Amino acid sequence: MAPYSPPSSRGIARPVISAALLTLGALTLSACGSEDTAASVDSGAAATTTQVTDATGTKVKVPAAPERVVALSEMDLDASLTLGVEPVGLTAGRGQKGAPRYLADQAKSIPVVGAVTGPDIEKVVKAKPDVILAGQLADEQVLAQLRKVAPTVVTIDGTKDWKKSLELTGTVLGRSDEAEKFLAEYGTKAASLRTDLGSQAGASVSVARYSAKGTAVMQQGVFISDVLKDLGFERPGIQDDKGEGHSTPLSDENLDEIDGDWLFIGSLDAGTDADLLAELAKKPAYQQLGAVRDEHATVVDGTRWTSLGGAQAAVSVLDDIRKAMVK
């Protein structure tokens, strides 16, 4: 499946403030303001700024057209690239050494400035950002450190809604029109798929993540569940309930909780889908699932389906579902 082409080109570790950070005091930008627009002066040249309200309700003054963006979550990276902005720094995706696998080609030249556990402040400083997209970062000490480097915007609220995050990121990057256009196109594509699914549109669909630690299921309140809701699918068992975390571990004895008409299994490994399906098909716990017996089980890229998600990830999920379920 060809990846979406952009228009153009839970605890957080507490990083140590480097000496490099302390030299930035004279360049510190205000993270809050009361005016909708303002003029600031940098090295004698007038530069327009604008005020945005981030996902926490904090007002942040940012450049009207940022040129050096650091993306501190998978969703921020996805959104930036979707809107045609290549960040100057990114944090590695879950289970990845760099960008999430589905964004690897687009992000191959972007330096890594942190991991899922948190940003490396010294590397963020070296990236010389003019705005920082902080994802769902909630550690106030880390946020305070980042705000000494550049205006910092928390882009993901408690709902983890990728659409809301894309709209906010579009505002921060001065790309609101691009965000609006993308969401309209996504809505059209989702509606078309829902029609083409025919009798399968109301099917029960399970999504699990499989790793050496076992199976975990994706409940409500995460990216993939929002995409499946757009398509009108039912979610069997506990998947129809709000989860406490990103995913919920499930023992082999309770695998019937994910017994639906269709099963999509996310993996963060780069191995072949056929190999993983063959491995799971040998396990008695999976053999009891109707979706496995009916050959309605599909291995999918976990960096797209069972991680934080984002705009391009959502489009690729629609493509995966069309390939698996539309005949």
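Look a little higher up for the structure.
So, here's what we can say about the structure. Here the structure is a predicted model, which means the values were calculated and not measured. (Residues numbered from 1 in each chain as written. Predicted model: local features only at pLDDT ≥ 70, side-chain atom pairs only at ≥ 80, totals over all residues. Heavy atoms only, no water.)

1. Examining the sheet that holds strand S8 (residues 131-133)
Formally: Pairing between strands is defined by DSSP: at least two bridges between them are needed. Helical segments are the DSSP runs of H or I of at least four residues, strand segments are the runs of E of at least two, and each set is numbered from the N terminus. Contacts between residues were defined by any pair of non-hydrogen atoms, one from each residue, lying within 4.5 Å. Orientation is described by lines fitted to C-alpha atoms, with helices fitted over the stretch in contact, and by angles between N-to-C directions that extend from 0 to 180 degrees.
Within the open sheet, the six strands sit side by side as S7-S6-S5-S4-S8-S9. Their pairing is mixed. Strands with a single pairing partner mark the edges of an open sheet, and in this sheet they are strand S7 (118-119) and strand S9 (152-153). Relative to the sheet, helix H2 (residues 74-82) contacts strand S4 (69-71), strand S5 (89-91) and S8, its axis offset from that of S4 by approximately 140°.

2. Considerations on the pattern of salt bridges
A side chain with one charge may pair with a side chain of the opposite charge, provided their charged atoms come close. Selection rule: Within this document, salt bridges are pairs made up of a side-chain nitrogen of Lys or Arg and a carboxyl oxygen of Asp or Glu, the two lying within 4 Å of each other. Accessible area is worked out with a 1.4 Å probe on protein chains only. A residue is then buried under 20% of its type maximum, exposed over 50%, and partly exposed in between.
Applying the stated criterion across every chain, the model contains 10 salt bridges. Close ionic contact of Lys189 with Asp319 constitutes a salt bridge, the shortest N to O distance being 2.9 Å. Taken as a pair, Lys189 in helix H6 (residues 176-196) and Asp319 in helix H12 (residues 311-325) lie far apart in primary sequence, 130 residues in all. You can call Lys189 partly exposed: its relative accessible area is 34%. Among the salt bridges present, the one from Asp320 reaches Arg304, with a minimum N-O distance of 2.7 Å. Taken together, the positions of Asp320 in helix H12 and Arg304 in helix H11 (residues 302-305) put the pair 16 residues apart, joining distant regions of the chain. Each member of the pair, Asp320 together with Arg304, is buried. It is possible to trace a salt-bridge network through shared partners that takes in Arg101, Asp301, Arg304 and Asp320.

3. Examining the pairing of strand S11 (residues 214-217)
Within a regular strand, side chains alternate between the sheet's two faces. In this sheet, S11 lies alongside strand S10 (residues 205-211) in antiparallel orientation, the contact comprising four bridges. Along S11, the bridge assignment pairs Ser211 with Gly214. Between S10 and S11, which follow one another and run antiparallel, lie two residues. Sheet analysis places S11 next to strand S12 (residues 248-250), joined by three bridges and oriented antiparallel. Each residue of the ladder has a partner; that of Thr215, found in S12, is Leu250.

Function-wise, these values are silent; they only describe arrangement.
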